[in-house]
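A closer look at the structure
Here are the chains, one letter per residue:
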Amino acid sequence: MINERYYPLLATLAVCALLYGYGIFEYRAFSDTYVLGNLLTDNAFLIITAVGMTFVILSGGIDLSVGSMIAFVGVLMAELVTGFGIHPLVAVVISLVFGAAFGAFMGLIIAKFDIQPFIITLAGMFFLRGMCFLINLDSVPITHDFVSAFGGFRIPLPGRGWLSASAIVMLVAVMSGIVFAHYTRFGRNVYAIGGDRQSAQLLGIPVERTIIQVYMLSGIFSALAGVVFAFYTASAYPLAAVGVELDAIAAVVIGGTLLTGGMGFVAGTFFGGIIMGVIQTLIAFDGSLNSWWTKIVIGGLLFGFIVLQRLITRSFSGMRAGAT
Amino acid sequence: MADMAQPVLSARGVGKFFPGVKALQDVDFALMAGEIHALLGENGAGKSTLIKVITGVHARDAGSVQLDGVEIHPGHPGEAQHLGISTVFQEVNLVPTLSVAENLMLERQTRKFGLISWKKTEADAREALKILGLDIDINRALGSYSVAIQQLVAIARAVALDARVLILDEPTASLDADEIKTLFRTMRALKDKGLGIIFVTHFLDQVYEITDRITVLRNGRLVGTFETANLPQIDLINHMLGRELAEISAHRHHARDGVVDRGNHIRIKNLGKKRVLNPVTLNLSGGEIVGLAGLLGSGRTELAELVFGAQRADSGLVFLDDKPVMLRSPRQAIRAGFGLCPEDRKQDGIVPELGVRENIALALQGRRGWLRPIPRAEQDKFADDMIAALGIATPDREKPVGQLSGGNQQKVILARWLVSKPVFLILDEPTRGIDVGAHADIIKLIRDLCDEGLALLVASSELEEIVAFADRVAVLRDRELATELSGADITQNNIIEAIAR
């Protein structure tokens with residue numbers, strides 16, 4: 001018998017396989033690795049963000065600041081590289097440190113003052129978006145040899161496809177997310193806190209410290225997503241990545257993570273992101289459908305997954321989280 | 001006597017004082033290794049305070065606690081656990097979404113090069129469960145198992161850390177008979193391994209089934225420690241309730257002849273709920289006070305909540321003047337003219353932030369429906385009338401109820417029901433936590449209400465009180481109606497005998 005904790009993940013894999021299978025069945029070109037390579041590249045920044053978001057949601061929280069973080073890091077990178085002539089790699093380090101610090105700051109307020117993460121990260125979202133315009137009002141290019149090299153780097157795949165640098169960074173981020181979540185005490189403590197915070201405290205878990213670390217991690221991952229996004233587009237725009245926080249949350253939930261926390265898999269989030277990309281690609285292949293159909297399909301999927309999760313957790317006895 | 005052995009845990013002269021309350025006074029307690037020791041007492045006797053002092057939730061204000069002859073001062077439950085005192089609470093404090101293995105090993109996982117080695121960690125978890133003889137799939141989510149299994153896993157986690165003392169705080173409250181059997185088998189196995197077990201419960205048959213000795217507390221003081229085998233149940237109940245059999249009944253014999261059957265009739269017919277209360281049949285008429293007696297957990301509060309619709313009954317009906325009353329929610333009960341003053345008024349009764357006037361207006365407003373607000377002038381009049389009639393000590397009618405004393409809060413709740421002119425009022429422990437003066441006031445109020453033709457059902461653990469005001473007494477035992485007493489039969493002796501059977 002299969003462990004019921006894997007049901008949402010299996011559902012995610014099934015949906016992913018179905019959609020991809022449909023694409024291959026319907027359009028001959030869909031089976032080419034070219035499509036796969038593009039899927040990984042185009043959704044790299046979204047999936048990286050969603051990996052960080054997975055930890056936040058597993059802990060029972062939410063982080064709305066990630067979209068603004070992506071835009072802010074882009075603007076910051078452009079200013080550092082083009083304005084101050086700093087090497088892009090140094091700018092990357094500065095961006096990641098900033099992401100970590102800002103995330104930890106939000107986590108500190110959430111943990112110490114016991115405030116809803118929704119409202120704190122909403123404040124963070126406005127703050128960072130505003131800060132973008134403080135630095136730069138327009139779309140600016142980021143020009144540097146390293147950036148062009150990053151954009152041009154590709155590992156060929158069998159067939160016509162290739163693996164871009166963005167995709168590689170994303171895959172590494174997913175791998176490290178899996179290790180963090182499943183092979184460290186920090187990761188297991190995140191699950192415990194999301195499952196039942198009060199019990200976690202009584203079991204001797206450092207709840208406050210873990211929560212701060214969760215938002216710090218989300219800050220780092222979204223800053224990394226910002227870096228990848230900036231390199232990928234080779235430009236910075238203060239209004240970039242608006243609403244990406246919601247896409248990331250959708251990817252996490254479609255990936256099988258319980259929105260109330262405590263259950264889920266980083267690997268699921270990867271497939272959740274891919275599913276969203278596949279839907280987009282399918283609609284592009286069709287050609288006659290409006291791109292807004294992506295949202296309609298994703299909305300429908302979300303409804304389905306949330307109900308599925310409810311059915312699974314309802315069979316649990318003694319579930320306090322979400323119990324009516 | 002085997003008492004020559006040194007106790008594994010001993011407390012001497014322990015005292016704990018909260019502002020205005022002596023929760024524990026001069027309590028001695030000794031737990032031997034390889035012993036199951038019941039800690040008994042009614043609500044407020046000091047059981048939980050003693051456990052909290054032992055486990056470091058509260059710092060003690062007097063006396064000493066020794067583990068293996070060494071004085072200990074744990075600052076929090078985690079520290080007590082490191083010393084070897086583990087506690088399992090009634091509510092399972094584990095994470096339902098995590099696997100059984102993870103719940104056992106959280107913060108104790110074996111690591112290699114900083115990463116968790118799941119192979120070793122799962123082997124450790126299996127080892128921990130083996131002690132209890134529990135054969136379950138440790139990779140399934142804890143929440144997919146029954147509460148009993150979860151309870152056992154909590155015990156496994158508790159004893160995995162070389163525990164010397166295991167405290168079980170009402171572990172059986174939510175278990176069924178088979179689950180209790182499993183738990184008891186485990187307790188005996190642990191006892192044979194030399195653990196000292198403190199067992200807190202209010203099910204006396206379980207006490208006789210499993211424990212070696214019993215310590216009884218009452219009002220924060222030690223009544224005594226007894227060998228279970230040598231203590232008849234009736235003596236135990238006397239120790240817990242603090243009444244001597246010889247005490248003479250003080251049944252009210254004031255002139256009430258011929259005043260029966262003035263008001264409405266309430267018939268409770270086969271009202272029950274699975275796992276909560278076996279079907280109860282009880283009749284009341286206006287102008288009558290029926291007392292509900294029974295030990296904690298006998299179903300007193302549950303009956304009150306079922307009649308009021310706060311819990312949904314799955315069998316039986318309540319009739320008001322031969323018409324069945326729909327009782328699917330308190331709202332419907334209130335519409336029918338029922339009222340309930342709950343046991344825990346802080347949590348279920350008052351709205352502490354609202355003023356006296358608003359609290360009083362709540363039930364009447366609920367009965368009228370929110371579309372017909374009560375004019376402010378009318379509310380003021382109700383509030384002023386009630387403050388005067390019940391003698392509520394408050395500077396004005398807008399003072400937040402949370403700032404009043406317990407007795408006055410209780411009066412506000414009574415006032416709330418009185419303005420809504422109920423036909424049937426249920427009072428659950430109306431005098432708990434109230435000082436002596438207010439206590440007398442409330443008893444007098446209960447009598448006056450009854451003389452006005454109201455039907456009253458009053459649950460109380462104070463036998464003296466029940467004997468003093470009840471026309472009839474329904475005695476509950478083990479979640480069913482044991483017997484009904486009326487007239488001259490209402491004595492403390494008879495009630496205690498009915499409780500003890």
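Throughout what follows, the structure given in this document is the object of discussion. (Residues numbered from 1 in each chain as written. Chains lettered and ligands numbered in written order. Predicted model: local features only at pLDDT ≥ 70, side-chain atom pairs only at ≥ 80, totals over all residues.)

In this section: the overall build of chain B. Of regular secondary structure, chain B possesses 17 helices and 22 strands. For 501 residues, the compact-globule estimate of 2.2 N^0.38 gives 23 Å, and the C-alpha radius of gyration of chain B, at 25 Å, lies within 12% of that figure. When the backbone C-alpha atoms are referred to their principal axes, chain B occupies close to 75 × 55 × 45 Å. Looking at chain B residue by residue over its 501 residues, the buried ones come to 46%. (Helix = DSSP H or I, 4+ residues; strand = E, 2+ residues; numbered from the N terminus. Rg over C-alpha atoms; globule rule 2.2 N^0.38 Å. Buried ≥ 20, exposed ≤ 12 C-beta atoms within 10 Å, placed from the backbone.)

Quick look at the nonpolar core now. In terms of nonpolar packing, the biggest core is built from 246 residues, with A:Ile48, A:Ile70, A:Met77 and B:Leu456 touching the most fellow members. The leading source of residues in this core is helix α11 (residues 207-233) of chain A, at 16 residues. (Core = buried A, V, L, I, M, F, W, Y, C linked by C-beta atoms within 7 Å.)

Let us now look at helix α9 (residues 185-195) of chain A. Counting buried residues along α9(A), 9 of its 11 residues qualify, which places the element largely inside the surrounding structure. For α9(A), the set of buried residues is A:Gly187, A:Arg188, A:Asn189, A:Val190, A:Tyr191, A:Ala192, A:Ile193, A:Gly194 and A:Gly195. If you follow the buried residues of α9(A), they end up packed against α3 (44-58), α8 (165-183), α10 (197-202) and α11 of chain A together with α3 (100-105) of chain B. (Contact = placed C-beta atoms within 7 Å.)

What follows is about the sheet that holds strand β17 (residues 323-325) of chain B. Residue and element names in this part refer to chain B. Judged by pairing direction, the sheet is antiparallel, and its 4 strands sit side by side in the order β14-β13-β16-β17 without closing on themselves. The sheet is open, and its two borders are formed by β14 (277-285) and β17, each paired with just one other strand. Neighbour-to-neighbour, the strand axes of this sheet turn through a mean angle of 25 degrees, independent of strand direction. Where strand β16 (residues 315-320) lies against β17, 3 bridges are found, and the strand directions are antiparallel. Opposite Phe-319, over in β17, you have Pro-324 as the bridge partner. (Pairing = 2+ DSSP bridges. Axes fitted to C-alpha atoms, helices over the stretch in contact; angles between N-to-C directions.)

Residue and element names in this part refer to chain B. The two faces of strand β6 (residues 85-88) match: Ile-85 and Thr-87 on one face and Ser-86 and Val-88 on the other face are all buried. The sheet contact formed by β6 and strand β9 (residues 165-169) spans 4 bridges and is parallel. Looking across to β9, one finds that Thr-87 is bridged to Ile-167.

Non-glycine residue A:Ala234 carries a positive phi angle of around 50 degrees. Of note, A:Ala234 is situated in the loop between α11 and β4 (235-236). The backbone of B:Asp322 sits at a positive phi, close to 70 degrees, despite the residue not being glycine. Within the element layout of this structure, B:Asp322 appears in the loop between β16 and β17. Judged by C-beta crowding, with 7 C-beta atoms within 10 Å, B:Asp322 ranks as exposed.

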